[in-house]
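# Commentary on secondary and tertiary structure
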Amino acid sequence: MTTETPVVVAVVHQNSGPGFVVYACQARAAHYPPQPDVLTVLRPSGKAGDER
């Protein structure tokens, strides 16, 4: 399905290569689950789940 008014619903970051943006139509964008912000998920060490 295509739309003339896409809405950004997520930005996917990757560690090898460029990330990508996920779009949806305005009617479906509200149903897309919220994605966590990778900058707030990572611990200060820069590694998720890093135990000291």
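Residues numbered from 1 in each chain as written. Predicted model: local features only at pLDDT ≥ 70, side-chain atom pairs only at ≥ 80, totals over all residues. Heavy atoms only, no water.

## Topic: the confidence of the model for the protein chain
Here is the rule we go by: Confidence of the predictor in every single residue is expressed as pLDDT, which spans 0 to 100. By definition, any uninterrupted DSSP run of H or I lasting at least four residues is a helix, any uninterrupted run of E lasting at least two residues is a strand, and each is numbered from the N terminus.
The pLDDT averaged across the protein chain works out to 80; a share of 77% of its residues lies at or above 70. Across the protein chain, the element-wise mean pLDDT spans from 71 in helix H2 (residues 38-41) up to 92 in strand E2 (residues 20-24).

## Thoughts on a nonpolar patch on the surface
Our working definition: Residues form patches when they are more than 30% accessible in relative terms and have no salt bridge. Like charges link within 9 Å. Nonpolar side chains (Val, Leu, Ile, Met, Phe, Trp, Tyr) link within 5 Å. The Shrake-Rupley method, run with a 1.4 Å probe sphere, supplies the accessible areas, and residue values consider only the shown protein chains as cover. For this document, the term salt bridge refers to a Lys or Arg side-chain nitrogen within 4 Å of an Asp or Glu carboxyl oxygen. Exposure categories follow from relative accessible area, calculated using a 1.4 Å probe and restricted to protein chains: below 20% of the type maximum is buried, above 50% is exposed, and the middle band is partly exposed.
On the surface, Val8, Val11, Val21 and Tyr23 cluster together into a nonpolar patch covering about 360 Å² of accessible area. If you list the elements that add at least two residues to the nonpolar patch, you get strand E1 (7-12) and E2. When you line up the elements, valine 21 lands in strand E2. On the basis of relative accessibility, which here comes to 36%, the residue valine 21 falls in the partly exposed class.

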